[in-house]
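# Coordinate inspection notes
Each chain, written out:
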Amino acid sequence: MTNHWNDLANSDCVLIMGSNAAENHPISFKWVLRAKDRGATLIHVDPRFTRTSGQCHHHVGLRPGSDIAFLGGMIKYILDNKLYFEEYVRDYTNAPLVVNKNYGFKNGLFAGFDADKGAYDKKAWAFELDDKGVPVRDTSFKNPRCVLNLLREHYKRYTVAAVAKATGTPAEDLETVYKAFAATDYEAARHIEPVEEVVDDLVATLRANHIRRVRDGQCTVYAGLTFLDILVNVERI
């Protein structure tokens, strides 16, 4: 992570996967509990029920090795229900960029795979460029080859029923934790200040200032983020 452990206390939802943080990472977990005291929802995804599970509101005891299916279902749930920060996704990620026509995914392989070399030629994944060499953008998200729609297409098979079958987790439990993780009220967030009860160091202060800039529409440059980096705004800027 790029910020201080104490910033965890500012979270509205904390998802812990495959880690017994309460016992193995007690220093960081102290700040998770601080967030819980503020009303944050804690979710633990792990085949085991540990001391961490006992501190969380939800424990997802999925089958070992099925975490990718769990996350795939979460991505589909967020996209299907439009539970992402659309304005930020549109203006500050690669979601509206259009991928070239050579890109594809079939039988578990992406386009550009060389079976002899056992490697991909990533040129097939490049963005489409205009006559000035600038990536083409579709801010309306109508182009089926923009990153957002390709993401939708890739994860459409991760239905709650399919994920429940793969993970062994009841469908109703999956929907409960997906809803909890994605419960972001952006309109309300636009009118609140970031929590600053623990922003007593330089890094956290810079973060708080950046949050204000995003909220007030003052960010005008890319910040090196991809769409998945901010698919969900967990901390309700």
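Look a little higher up for the structure.
In this report, the structure presented in the accompanying data block is examined. Just so it is clear, the structure is predicted and the values come from calculations on it, not from any experiment.

By the definition in use, this model includes 11 aromatic pairs. Judged by centre distance (5.8 Å) and plane angle (45°), the ring pair of Tyr77 and Tyr178 falls under tilted. Pair noted here: Tyr77 is in helix α4 (residues 67-80) and Tyr178 is in helix α8 (residues 171-181), with a separation of 101 residues, a long-range link. When the ring of Tyr103 is compared with that of Phe110, the centres are 6.2 Å apart and the planes differ by 40°; the resulting orientation is tilted. With a relative accessible area of 26%, Tyr103 lands in the partly exposed category. A residue is classified by how much of its surface remains accessible, and Phe110, at 26% relative accessible area, is partly exposed. Site record: aromatic cluster; members linked through ring pairs are Tyr103, Phe105, Phe110, Phe113, Tyr120 and Trp125.

Let's shift gears to the sheet that holds strand β3 (residues 58-60). With parallel pairing, 3 strands are arranged side by side in an open sheet as β1-β2-β3. Of all strands in the sheet, those bounded by a partner on one side alone are β1 (13-17) and β3. Recorded for the sheet is a direction-independent mean angle of 15° between the axes of neighbouring strands. In the sheet, β1 pairs with strand β2 (residues 41-45) via 5 bridges, with the strands oriented parallel. Bridging across to β2, Val14 finds its partner in Leu42. In this fold α4 packs onto β1, β2 and β3, with an angle of close to 155° to the strand it touches most, β1.

Calculation rules
Residues numbered from 1 in each chain as written. Predicted model: local features only at pLDDT ≥ 70, side-chain atom pairs only at ≥ 80, totals over all residues. Heavy atoms only, no water. Phe/Tyr/Trp six-rings, centres within 6.5 Å; stacked < 30°, edge-to-face > 60°. Helix = DSSP H or I, 4+ residues; strand = E, 2+ residues; numbered from the N terminus. Buried < 20%, exposed > 50% of the residue type's maximum accessible area, 1.4 Å probe, protein only. Pairing = 2+ DSSP bridges. Axes fitted to C-alpha atoms, helices over the stretch in contact; angles between N-to-C directions. Contact = heavy atoms within 4.5 Å.

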